[in-house]
Amino acid sequence: MKSLSDVFQKLQEIAAESADGDFIFRGEPQHYEKVSSSLWRECQGNFDVEAIQKKMLEESKNYTAEKDEFEILTELQHFEGYTNLIDFTTDSHIAHFFACGGPLGEPGRIILLERTEEIKREYQIEKPRNPQNRIIAQKSIFVRPPKGFIEPEHFVEVNIPELLKEPMLDHLQKQHDISTQTVYNDLHGFIRNQNTHLKECIEVYNAETEPKKDVFQIESSQSSGEKET
């Protein structure tokens, strides 16, 4: 079992890696083949993702009053639609949260991308101008890779061992108020985790109603006994 000292050591490792540059961060719950966009993954890399995205954007304009194409893309990303954007964050702690999600039996990873002038030009790194609540909470910034993925030589990868995931999540919640509730702080986030919320509501309901049922059953039994005598 990993200890709190292991958590601090990993946080310090990320801080040291990013100390001498202007970095943004991405947390992934497992080691995927590429750091890629959802659209690239859906297309299986067989298409020009930017060309496909352009066609999708034209179609999406029939469903929104928004005119700015980048803002439409960020909204699609917000609702888990397919886009050629990759979510990053300016906060390494939030990246740790995402790296420690998903399957606890697999190692996660943190992707560090330095915003040099060359990288900013190539990947069109940009913040949304009219961010939704969740984007604000996650301190999101978006990367738009021309090929649908980030070239391996352009980023640094830091491994998050599977045994570190639970203690890291516990630390982030207690010390930084970073949790599922704060990171997904909108109704779409609630729906995303509705199975968990439903289970909790049922447990609370049962806890509140069980004593009443017991009292009712006792009183009913006593009344029945009195009638029999």
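A few points on the structure. (Residues numbered from 1 in each chain as written. Predicted model: local features only at pLDDT ≥ 70, side-chain atom pairs only at ≥ 80, totals over all residues. Heavy atoms only, no water.)

Points about the environment of Gln44
Where we set the bar: In this description a helix means any DSSP run of H or I spanning at least four residues, a strand means any run of E spanning at least two, and both kinds are numbered starting from the N terminus. Each residue is assigned to one of three classes by its accessible area relative to the maximum for its type, calculated with a 1.4 Å probe on protein chains only: buried under 20%, partly exposed between the two thresholds, exposed over 50%. Between N or O atoms, a polar contact is any pair within 3.5 Å; within protein, one atom must be a potential hydrogen donor and the other a potential acceptor, and residues adjacent in sequence are included only when both atoms are from side chains.
Of note, Gln44 is situated in the loop between helix 2 (38–43) and helix 3 (49–60). Look at Gln44 and you get exposed, because its relative accessible area is 60%. At a separation of 3.0 Å, a polar atom in the side chain of Gln44 contacts the main-chain carbonyl oxygen of Arg41.

Here we look at the pattern of salt bridges
Close approach of charged atoms lets side chains of opposite charge pair. For the record, the criterion: Salt-bridge detection follows one rule: a side-chain nitrogen of Lys or Arg within 4 Å of a carboxyl oxygen of Asp or Glu.
A complete count under the given rule lists 15 salt bridges for this structure. With a closest N to O distance of 3.0 Å, Glu13 and Lys10 form a salt bridge. Note that Glu13 and Lys10 are positioned in helix 1 (residues 4–17) at a spacing of 3 residues, about one turn of the helix. Overall, the relative accessible area of 32% leaves Glu13 in the partly exposed class. Lys10 gets classed as buried once you look at its relative accessible area, which sits at 12%.

Considering the packing of aromatic side chains
Note the cut-off: Classification of ring pairs uses Phe, Tyr and Trp, with its six-membered ring standing for Trp, and accepts pairs whose centres are within 6.5 Å; under 30 degrees between planes counts as stacked, over 60 as edge-to-face, and the remaining range as tilted. Only Lys NZ and Arg CZ are tested; either one counts as a charge over a ring when it is within 6 Å of the ring centre and within 35 degrees of the ring normal.
Using the criterion set out here, one finds 4 aromatic pairs in the structure. Plain terms: the ring middles of Trp40 and Phe149 are 5.5 Å apart, the flat faces sit at 70° to each other, and that makes the pair edge-to-face. Here Trp40, found in helix 2, pairs with Phe149, found in the loop between strand 4 (140–143) and strand 5 (155–160); they are 109 residues apart in sequence, far enough to count as distant. As far as the burial class goes, Trp40 and Phe149 line up, both buried. Taking 6.1 Å as the distance between ring centres and 90° as the angle between the ring planes, the aromatic pair formed by Phe98 and Tyr184 counts as edge-to-face. Separated by 86 residues along the polypeptide, Phe98 in helix 5 (residues 92–99) and Tyr184 in the loop between helix 9 (180–183) and helix 10 (187–192) bring together distant segments of the chain. Given a relative accessible area of 12%, Tyr184 falls into the buried group. Here the aromatic cluster, defined as three or more aromatic residues joined through ring pairs, consists of Phe97, Phe98 and Tyr184. The ring of Phe149 carries the charged tip of Lys34 above its face, separated from the ring centre by 4.3 Å.

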